[in-house]
Amino acid sequence: MTEKQSRDPRLTDDFDPQASETFTSAHETYADLRKSCPVAHSNEWNGFWALFKYDDIVSVLKDSKTFITSVQNVVPKVAFTGRRPPLHLDPPEHTPYRRALNPFFTNEKMAKLEPALRQITIDLLDPYIRAGGGDICADYTHRLPGYAFAEFFHLTSDLSMKIKEVTTIYDKALQEANDDLVKETSLQLYEIARDIIAERKARPLDPKDDPTTALLAARHEGKPLPDDMILGTIRQLIVVGMIAPSVLIGTILLYLAKDQTLQSRLRRNPDLIPKAVEEFLRLYTPYRGFARTANKDVTIGGRLIKKDEPIALVYASANRDEAVFPNPDEFDLDRPNMKDSVAFGLGPHQCVGAPMGRLEIRLTLEEMLRRTKRFDADGEVKMTRWPEWGTLSVPLKVEPV
Ligand code: HEM
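One structure accompanies this document, and this report is about it. (Residues numbered from 1 in each chain as written. Predicted model: local features only at pLDDT ≥ 70, side-chain atom pairs only at ≥ 80, totals over all residues.)

### Looking at the environment of C37
This is how it is decided: Helix and strand definitions here come from DSSP, where helices need a minimum of 4 consecutive H or I residues and strands a minimum of 2 consecutive E residues; each element is numbered from the N-terminal end. Three exposure classes are used, based on other C-beta atoms lying within 10 Å of a residue's own C-beta, which is placed from the backbone: buried for 20 or more, exposed for 12 or fewer, and partly exposed in between.
Relative to the assigned elements, C37 resides in the loop between α2 (25–36) and β1 (39–42). A count of 16 C-beta atoms within 10 Å places C37 in the partly exposed class. When the C-alpha positions of C37 and P224 are compared, they lie 47 Å apart, and in sequence the two are 187 residues distant.

### Concerning the site of the ligand
Threshold: Throughout this description, a residue near a molecule or strand is one whose C-beta atom, derived from the backbone, lies within 6 Å of it. Nonpolar residues are Ala, Val, Leu, Ile, Met, Phe, Trp, Tyr, Cys and Pro. Charged residues are Asp, Glu, Lys and Arg, and all others, Gly as well, are polar.
In the neighbourhood of the ligand, 25 residues make up the surrounding shell, with G241, G345, C351, G353 and G357 lying closest. Secondary-structure elements contributing two or more residues to the shell around the ligand are α11 (227–258) and α15 (354–370). No other element matches α11, which puts seven residues into the shell around the ligand. Here the residues of the shell around the ligand are counted per class, giving 16 nonpolar, eight polar and one charged.

### Let's talk about the sheet that holds strand β14 (residues 395–400)
The line we're drawing: Pairing between two strands requires that DSSP report at least two bridges joining them. In this analysis an axis means a line fitted to C-alpha atoms, helices contributing only their contacting stretch, and an angle means the value between N-to-C directions, from 0 to 180 degrees. Contacts are defined on C-beta atoms placed from the backbone: any two residues whose C-beta positions lie within 7 Å are in contact.
With antiparallel pairing, three strands are arranged side by side in an open sheet as β4-β14-β11. Among the strands making up the open sheet, the edge pair consists of β4 (133–135) and β11 (372–377). Averaged over all adjacent pairs, the angle separating strand axes in this sheet is 20 degrees, with direction ignored. This element, helix α5 (residues 107–130), spans β4, β11 and β14 of the sheet and lies at about 85 degrees to β14.

### Quick word on the sheet that holds strand β7 (residues 289–294)
Think of a sheet as strands paired side by side through backbone hydrogen bonds, with each pair either parallel or antiparallel. In spatial order, the strands read β1-β2-β10-β7-β3; together these five strands make up an open sheet with mixed pairing. Edge positions in the open sheet fall to β1 and β3 (67–68), since each of these has one partner strand only. Relative to β7, β3 runs antiparallel, the two sharing two bridges. Counted as the bridge partner of F67 is A294 from β7. Strand contacts of helix α3 (residues 54–62): β1, β2 (48–51), β3, β7 and β10 (310–314), with the helix running at about 120 degrees to β10, the strand carrying the most contacts.

Structure (structure tokens):
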């Protein structure tokens, strides 16, 4: 125990975020904590608070003046390689980056991206399905987001190859907690972001069609956005936008492999897939949570949290809070309020890329179901760890059509 903890009786050790986990154990622990200790403290990673109840988490998300992200936006705090907008900035500094990025995730933009993304999905899934299956994470989910970004950023073939290679390695290394490889590939991702910017400076595209050109053309109070912040933004988009779809898709396919009734129902009725995606996002929220820091002392659920103490908002627990979602552990396609889920956060930092995340998942389900007669679980599943939740390895046996 550190000196600070031994002096301060508030800083109890209520749960262990590093405990080894099965497919169901984390959600069971969170259900217990919601009852017995909804505002908890852990001594891991130099100590942090964690909120488990939906209402507490939503109140924090709605008060971005008190609960800021610029000190720490995730527990544990990762090695600081520079401020990366928009996540690491508080409003109003945060606003110009969102203003530049938001137009790239409209329904219209997603409809334009869809055919290319569908083709990527097909090209990656086809050999996997023809081979009769394998580990869907190694063969598909670690790869898809990088391929999608190559398209989103309109990359030339060299850069496109590089982003696909590095993101595939980074995604797996991060989920396996292979710290040396994460560091190495993280620096490579910065290089890639630098190359994307250099390419767009040399050959700008239409700022309405290309996010990098738009960031370079953006003006805030009459001035361009600083170069290092544009670099940070591109790097942030790639990393935040990579992990969640990758983790969640493996989980969804495993769930469907174990529930053949739902699998055939979705295969027969693909129009139900968008609703299923929402319910899967609620039930298997892939970012367990992000963090905030209070800029003054606050009391939540009767516990005093002091200024500057990190607070993890456990979205994966909020989304199974029985006070908001009755029978929270059940997958229910008719759940009336599934859109109250905080899988994408809420407030100023609510996920900018949510429409692209939803699209990647929907297209995967459509193509996987269309191209198979059935698929089944086929071996040991491995789980990723805090701050993500989901599968790291999912062997499937696949029957092609
Ligand atoms: C299943 C897919 C996804 C999930 C579940 C997800 C989840 C989240 C969550 C929970 C946040 C809020 C962070 C906070 O509260 O501090 C967030 C923010 C963010 N996400 Fe996503 N995300 C997904 C896909 C994507 C994609 C595909 C992109 C990029 C194309 C993306 C880019 C971002 C960015 C840039 C932010 C920071 C926004 C800000 O600070 O204003 N995400 N995401």
